[in-house]
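# Understanding the architecture of this molecule
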Amino acid sequence: MSEQATADFKMFDLRGIDWSEVGGRTAAGIRVTPETAMQCSAFLACVRVISESVASLPLHLYRRLPAGGKEKAPSHPLYRLLHDKPNRWQTGLEFREQLTALYLSYGQSFAEKVPGPNGPVSELWPLHPSRMRVEQLENGNLRYLYREPNGRETVYAQSQIFHLRFLTLDGINGVQPTSLSRDAIGLARALEQHGATYFGNGARPGVILESDNAIPVEAAERLREAWERIHRGSDRAHRTAVLPAGVHAKELTSSNEASQFIETRRFQIEECARAMRVPLHLIGELSRSTYSNIEVQGTEFVQHCLLPHLRRWETAIARDLIDGDVDEYFAEHSVTGLLRGDHASRSAYYVSAIQNGWMSINEVRELENLNPLGPEGDKHFIQLNMTTLDQAGEQPPAPEPAPQPVMVEVEDEDSPEDDAEDMAEDQADQEDQTNGN
């Protein structure tokens, strides 16, 4: 590596930095860390929406087929590990929710790969990122140094750790989202504290106690403590005040309306959602949501917010868990359930899929969580009036000549008049025979 390249790399060398100590207090006077940031309702809502959505989506292990396509591989040891039970005390949903929430707060999350009867990865044990330090060795491999609760440091090789990263500047450590948007989170938290203090004071502005005479510092302090003890808090609001001679109470005239408290709080909610790329309606901000744009925003949430997190999970699984079998096996989330739309949209989608032959009835029923119909439901259908492109310009074959009609002679039936004449003739013959006798 050249000297210039080495210098450029050191500008983004974040190794050895304790992110929990970065930042200190913000300009709003709030100290923002991954722990205190979760006390901000807007940031907590964003973390919950993303982590719960990622954890609730089906995660399957697939095997690539030789002729193309894929099939689920439930017999592989990793399938049950990822889908159902990663360790002895957590479900698959709890494990993925925890690791996603940690890396959204700390920039990265870790899990120890525990060998056992199912192979080199029989269990995954979460490791808290605040105790982990990552170093890169001269050969390019990573080394993980974990500080145990008892103070002892455990060293892990790269092959022993499952590592999930957020946005990274050095390719090794993920940058904490709480440090990137610390001022937005700090201001939102300051507004929450201001509102809590305001209503804790009986929804009244602050009070100044003025005296016509000079008051010693100790006496002024005792007077202030007595006032707050009697009047501070929503349960003590509007009590009658008794003041010493020469002391007057004056309320401050500033109001939340003048400082646009509500508007500022709403804007800070938008700031936190913008930093995490979460649609506002998913964290309870519905002032600009309408019936017509909710469904579109839900689709954008999957495509532009969830998809990068899902791909981070899938690629980390391929790198750290599947490893040597990556050419044959891969992990993938199913987001079909989030993109289905309403009943009318799904019906039109399924009708088009079945009529054009690229989905069977059983495949549609599987998406709707219905049981298959049997072998008959696996058939594919196409419309009869459709043809291929190469046959569209060909001359249709000449029709076969129609068969010649066969002439069949049919005896004419006697009319009623002919029957009457025959009867008359028969009667006349009988009379002639009688007369001749």
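Now for a look at the structure at hand. (Residues numbered from 1 in each chain as written. Predicted model: local features only at pLDDT ≥ 70, side-chain atom pairs only at ≥ 80, totals over all residues. Heavy atoms only, no water.)

### Details of the overall build of the protein chain
Secondary structure assignment for the protein chain yields 14 helices and 11 strands. The buried share among the 437 residues of the protein chain stands at 32%. Partitioning the contacts of the protein chain with sequence separation of at least 6, the portion at a separation of at least 24 is 60%. Surface accessibility of the protein chain: about 28000 Å² in total, with carbon and sulfur atoms responsible for 52%. (Helix = DSSP H or I, 4+ residues; strand = E, 2+ residues; numbered from the N terminus. Buried < 20%, exposed > 50% of the residue type's maximum accessible area, 1.4 Å probe, protein only. Contact = heavy atoms within 4.5 Å. Areas by Shrake-Rupley, 256 points an atom, 1.4 Å probe, with all protein chains shown as cover.)

### Details of the sheet that holds strand β8 (residues 161-165)
With antiparallel pairing, 3 strands are arranged side by side in an open sheet as β4-β3-β8. Unpaired on one side and paired on the other, β4 (119-127) and β8 mark the two borders of the sheet. Pairwise comparison of adjacent strand axes, ignoring direction, gives a mean angle of 30° for this sheet. The pairing of strand β3 (residues 108-116) with β4 spans 6 bridges and is classified as antiparallel. Each bridged residue has a counterpart across the sheet, and for Gly116 the counterpart in β4 is Gly119. Contacting β3, β4 and β8, helix α5 (residues 92-106) crosses the sheet at an angle of about 145° to β3. (Pairing = 2+ DSSP bridges. Axes fitted to C-alpha atoms, helices over the stretch in contact; angles between N-to-C directions.)

### A look at the pattern of salt bridges
Here the structure, examined in full by the defined rule, presents 10 salt bridges. When the shortest N-O distance is used, the salt bridge between Glu123 and Arg88 registers 3.2 Å. In this pair, Glu123 is assigned in strand β4 and Arg88 in the loop between α4 (77-83) and α5, connecting sequence segments 35 residues apart. Arg133 is the partner of Glu153 in a salt bridge, and the nearest nitrogen-oxygen pair spans 3.3 Å. Here the residue Glu153 occupies a position in strand β7 (residues 153-157), and Arg133 occupies one in strand β5 (residues 132-136), the gap between them amounting to 20 residues. Salt bridges linked by common partners bring Arg133, Glu135, Arg143 and Glu153 together as one network. (Salt bridge = Lys/Arg side-chain N within 4 Å of Asp/Glu carboxyl O.)

### Considerations on the side chain of Thr154
By secondary structure assignment, the location of Thr154 is in strand β7. Relative accessible area serves as the criterion here: at 16%, Thr154 is assigned to the buried category. At 2.8 Å, the side chain of Thr154 forms a polar contact with the side chain of Glu148. Polar side-chain contacts of Thr154 include one of 3.4 Å to the side chain of Arg152. Other than its neighbours up to four places away in sequence, Thr154 contacts Tyr144, Leu145, Tyr146 and Glu148. (Polar contact = N/O pair within 3.5 Å; in protein donor to acceptor, adjacent residues only side chain to side chain.)

### A closer look at the nonpolar core
One finds Ile50, Leu124, Phe162, Val278, Trp313, Ile317 and Leu321 to be the most contacted residues of the largest nonpolar core, which totals 50 residues. Here this core takes 10 residues from helix α10 (residues 291-322), the largest share from any one element. Look past the residues within four positions of Leu124 in its chain and what remains in contact with it is Leu81, Pro86, Asn87, Phe95, Ala111, Glu112, Lys113, Phe162 and Leu321. Judged by nonpolar contacts, the second largest core, of 10 residues, contains Met132, Val134, Tyr156 and Ile161. (Core = buried A, V, L, I, M, F, W, Y, C linked by side-chain atoms within 4.5 Å.)

### Let's talk about helix α3 (residues 41-56)
Compared with the 22 Å implied by 1.5 Å per residue over 16 residues, the 22 Å span of α3 between its first and last C-alpha is a close match. Residues of α3 that are buried: Ala42, Phe43, Ala45, Cys46, Val47, Val49, Ile50, Ser51, Ser53, Val54 and Ala55. (Expected span 1.5 Å × (residues − 1).)

### A short note on the environment of Thr100
Tracing the backbone shows Thr100 in helix α5. Expressed as a C-alpha distance, the spacing of Thr100 and Phe166, which sit 66 residues apart in the sequence, is 9.5 Å. In this structure the side chain of Thr100 is engaged in a polar contact, spanning 2.7 Å, whose partner is the backbone oxygen of Arg96.

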